[in-house]
Amino acid sequence: MEFIQLQPLSRAAGTVKLPGSKSISNRMLLLAALAAGDTEIRDLLDSDDTRVMLAALAKVGVRVTAIGQNAYRVTGCAGVFPDKDADLFMGNAGTAIRPLTAALGLSGGHYRVSGVPRMHERPIGDLVDGLRQIGCDVRYTGNAGYPPLEIFPARVNLAAPIRVRGDVSSQFLTALLMALPLTGKTAVIEMTTELISKPYIEITLNLMARFGVTVEREGWQRFTIPAGQGYRSPGVVHVEGDASSASYFLAAGAIGGGPVRVEGVGRQSIQGDVKFANALETMGARISWGDNWIEARAPAHGQLKAFDLDLNHIPDAAMTLAVAALFADGKCTLRNIASWRVKETDRIVAMATELRKLGATVEEGDDWIAVSMPPSEPAGAVSRAPTLQANVGIDTYDDHRVAMCFALAALGGVPVRINDPGCVAKTFPHYFDALGAIAAPVVAIDGPSASGKGTVAQRVAAALGFHFLDSGALYRLTALATLRDQISLDDEAAVAAVAANLPAEFAGEKIILSGEDVTEAIRTEEVGIGASKIAVLPAVRSALLERQRAYRRFPGLVADGRDMGSVIFPEAEVKVFLTASAEARAERRYKQLIDKGMPDNMRPLLQDILQELRVRDARDAARSVAPLRRCDDADLVDTTELNIDEAVAAVMESVRRRLPFFN
Ligand code: DC
């Protein structure tokens, strides 16, 4: 895809289950490969950078077996890679090439290591220098100081401490720390400069300890790996959610009202990037923490506040703060971020260039940038910068984080185009779906039976180019599947299990159940009655909850059904209660029957239909679970006197009023 066009967004709220952490995934894969014994890794990140690591491990003869969704069994090689000669392509994955180079240097084999062109511009000299000090034979085959590399067997001598710089990338230290236990000897590393990005070293030490190797640390200056330690599999390990990826959603909550909750990181996280939440808090965002979640909301009053922060400890998440700065009430200064220059792209240049396109004034130095926007009035609970330049095309420099953080600019109520959005696959292939699930606008339409809401909702979705959720069809599908499985409609647990695993898909106009077209079959009277029976079972409703929320995607969603505006999408920007007099609805139902082939000489039937509708309305309004009721914040559209076109126009009027950006 050349670009993704994000429509203006007005608010963000909801819950995101984070993909696995990149830093933890790639470290765990290598540690498991080097360990004695099998390791089962669960919740591994599925992305370009982890695929690079998996492919490289396979090339050096490590057996990795997929055993489920994002779960792998790694058969450890106890420190000795089986294959002694290999060509390894490391893409643009710094978390793969650095630690692997160090491990290969100590492996007694002959390896060639390369990457994409940008990888050949990213420094690795400090690591190679460190490895050469202990006798490793690592040579540059392109430019000195940069990949590609060729590695030869060598005799290692650990008599003297390894002296290494820590001011370009902390990954060089991580690489040495992870590889040195392979020697079995005491190894000492001394930093010759200040160490940057320290929290990443904490991740490294934490994971090494889980695999049975402890490191003695004197400040951030000297690290000793005592002799005789080897990696041992801890058995089963879980990868926590990615804290850098969490930053985009937390910022969305802080900018777009919230609450936005991320699941997979929290108080217990070992990733330094969770401190991004503290940085947001200094901007005035309201943050709450659980063991395994973090939640962000906009400030109680007014706009996000300007900041001046040293962000050396969270260099990746700091990019998200640079975009949050567009929404702040003054100049925001991000300091001590020199490592931005040697990442996927020169991030200081990239961020400054793209922020300026949106109208920001950006000053930049060697290791800092400052971002300010012309002052703006806060709009309600949503602190937005209405002065953002609209319709800007954001270039992404093959840098996943540039693409991800600039998507948040759409919360400023302007359309934003993100060029080459596919680059997010480096760490978060489904990023735009995940963002859509908390920020895409929702039009929720409810109303009594035969109010015509299904047809109207579908037409409104088509007019807006939005996705469409016919939630009634999900209840009907559940009823049909239950009846076909000969399960009792009263057996709440069994019906809920059917709902949770519904093998159904919506293919354009067609509705498919287990491969069979059931578009007509779910519209029978029997299935309708079954649907209304199972729809009062709370376990069934909650089984369908996430499935319904998953329909919320860019550019937006029109959702039709009972509890769309109250339970499923309480934050829906537009809520419409579509109704008509019982007489008008009975008349429409009668006409429908004639359209379906019933002879037009059954007028007395109309009375029966009317009576039935009244009973159904009363039952629907009285039921304790998801009763038929107009939400306080829903617009009432009475279609008694309206034809379909007029009803659609009335709903579109509501949309225009509530989604002003869509004009
Ligand atoms: O709109 P419909 O007739 O296709 O809905 C089928 C049944 O499911 C109906 O009894 C209402 C119920 N339903 C519900 O309880 N909640 C929804 N969100 C949608 C439908």
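Further up the page is the structure itself.
Residues numbered from 1 in each chain as written. Predicted model: local features only at pLDDT ≥ 70, side-chain atom pairs only at ≥ 80, totals over all residues. Heavy atoms only, no water.

**Some details on the sheet that holds strand β4 (residues 63–68)**
Right, on to step 1. Taken together, four strands build an open sheet; the order of strands is β4-β5-β3-β14 and the sheet is mixed. In the strand order of this sheet, the two ends are held by β4 and β14 (236–238), each with one partner. Strand-to-strand twist in this sheet, taken as the mean axis angle between neighbours without regard to direction, amounts to 25 degrees.
Right, on to step 2. Here three bridges tie strand β3 (residues 38–42) to β14, and the two strands are oriented parallel to one another. Following the sheet pairing, I41 is matched in β14 by V237. (Pairing = 2+ DSSP bridges. Helix = DSSP H or I, 4+ residues; strand = E, 2+ residues; numbered from the N terminus. Axes fitted to C-alpha atoms, helices over the stretch in contact; angles between N-to-C directions.)

**Description of the site of the ligand**
Right, on to step 1. In the vicinity of the ligand, 15 residues are found, and the nearest of them are S471, R476, S532, R541 and R623.
Right, on to step 2. One of the side-chain nitrogen or oxygen atoms of D563 is found 3.1 Å away from a nitrogen atom of the ligand.
Right, on to step 3. For the ligand, an oxygen atom lies 2.8 Å from a polar atom in the side chain of R623.
Right, on to step 4. If you list the elements that add at least two residues to the shell around the ligand, you get α14 (471–484) and α16 (525–534). (Near = heavy atom within 4 Å. Polar contact = N/O pair within 3.5 Å; in protein donor to acceptor, adjacent residues only side chain to side chain.)

**Remarks on the nonpolar core**
Right, on to step 1. Among the nonpolar cores identified, the biggest contains 85 residues, and F249, L334, M351, L355 and Y431 are the most heavily contacted of them.
Right, on to step 2. Take this core: its biggest share by element is nine residues, from helix α7 (residues 243–255).
Right, on to step 3. Discounting chain neighbours no more than four positions away, the residues touching Y431 are Y248, F249, M404, A407, L408 and V424. (Core = buried A, V, L, I, M, F, W, Y, C linked by side-chain atoms within 4.5 Å. Buried < 20%, exposed > 50% of the residue type's maximum accessible area, 1.4 Å probe, protein only. Contact = heavy atoms within 4.5 Å.)

**A word on the sheet that holds strand β23 (residues 416–419)**
Right, on to step 1. A sheet is described by the order of its strands in space; here three strands give the open sequence β1-β23-β22, paired in mixed fashion. The open sheet has two edge strands, β1 (3–6) and β22 (392–394), and neither has a second partner. Strand-to-strand, the axes of this sheet are offset by a mean angle of 20 degrees, without reference to chain direction.

**Re the pattern of salt bridges**
Right, on to step 1. With the rule as written, the count across this model stands at 44 salt bridges.
Right, on to step 2. Taking the shortest distance from any N to any O, the salt bridge between D49 and K22 comes out at 3.9 Å. Here the residue D49 occupies a position in helix α2 (residues 48–59), and K22 occupies one in helix α1 (residues 22–34), the gap between them amounting to 27 residues. Each member of the pair, D49 as well as K22, carries the same accessibility label: buried.
Right, on to step 3. A salt bridge links E194 to K198, with the shortest nitrogen-to-oxygen separation between them at 3.0 Å.
Right, on to step 4. One network of salt bridges, in which partners are shared, links K22, D49, D316, K343, E344, R347, D399, R401 and K426. (Salt bridge = Lys/Arg side-chain N within 4 Å of Asp/Glu carboxyl O.)

**Digging into the environment of A324**
Right, on to step 1. Summarising the element assignment, A324 is placed in helix α9 (residues 315–324).
Right, on to step 2. A324 sits in the buried class, given a relative accessible area of 0%.
Right, on to step 3. A324 sits 58 residues away from G266 along the chain, and the two C-alpha atoms are 21 Å apart.
Right, on to step 4. Every residue in contact with A324, bar those within four places of it in the chain, is listed here: I255 and M283.

**So, the side chain of K575**
Right, on to step 1. Inspection of the secondary structure assignment puts K575 in strand β30 (residues 574–579).
Right, on to step 2. Within the local environment of K575, its side chain forms a polar contact with the backbone oxygen of G565, the two atoms lying 2.8 Å apart.
Right, on to step 3. A distance of 2.9 Å separates a polar atom in the side chain of K575 from the backbone oxygen of P570.
Right, on to step 4. Residue contacts for K575: discarding those within four places in its chain leaves A444, G565, F569, P570, C631, D633, A634, D635 and R658.

**Things to note about the side chain of S169**
Right, on to step 1. Residue placement: S169 occurs in the loop between β10 (162–164) and α5 (171–179).
Right, on to step 2. Among the polar contacts made by the side chain of S169, one reaches the main-chain amide nitrogen of Q171 at a distance of 3.0 Å.
Right, on to step 3. In this structure S169 touches R98 and I196, once residues within four positions along its chain are discounted.

**With respect to the pairing of β30**
Right, on to step 1. Of all six residues in β30, six are buried, a share of seventy percent or more.
Right, on to step 2. Residues V574, V576 and L578 of β30 are buried on one face, and the alternating residues K575, F577 and T579, pointing to the opposite face, are buried as well.
Right, on to step 3. In this sheet, β30 lies alongside strand β24 (residues 442–446) in parallel orientation, the contact comprising four bridges. Bridge pairing links V443 to V574 in β30.
Right, on to step 4. Where β30 lies against strand β31 (residues 635–638), four bridges are found, and the strand directions are parallel. Bridge pairing in β31 places V576 opposite D635.

**Focus: the packing of aromatic side chains**
Right, on to step 1. Scanning the model with the defined rule gives six aromatic pairs in all.
Right, on to step 2. Ring centres 5.9 Å apart and planes at 65 degrees place the aromatic pair F249 and F428 in the edge-to-face group. Here F249, found in helix α7, pairs with F428, found in the loop between β23 and α12 (431–439); they are 179 residues apart in sequence, far enough to count as distant.
Right, on to step 3. Judged by relative accessible area, which is 0%, F249 ranks as buried.
Right, on to step 4. Arranged with centres 5.5 Å apart and planes meeting at 75 degrees, the rings of F428 and Y431 form a pair that is edge-to-face. The two residues F428 and Y431 agree in class, both being buried.
Right, on to step 5. One aromatic cluster is present, built from ring pairs that chain together Y248, F249, F428, Y431 and F432.
Right, on to step 6. A cation sits over an aromatic face here: R139 above F152, 3.9 Å from the ring centre.
Right, on to step 7. The aromatic ring of F3 is capped on one face by R417, whose charged end is 5.1 Å from the ring centroid. (Phe/Tyr/Trp six-rings, centres within 6.5 Å; stacked < 30°, edge-to-face > 60°. Lys NZ or Arg CZ within 6 Å of the ring centre and 35° of its normal.)

These figures capture arrangement, not role.
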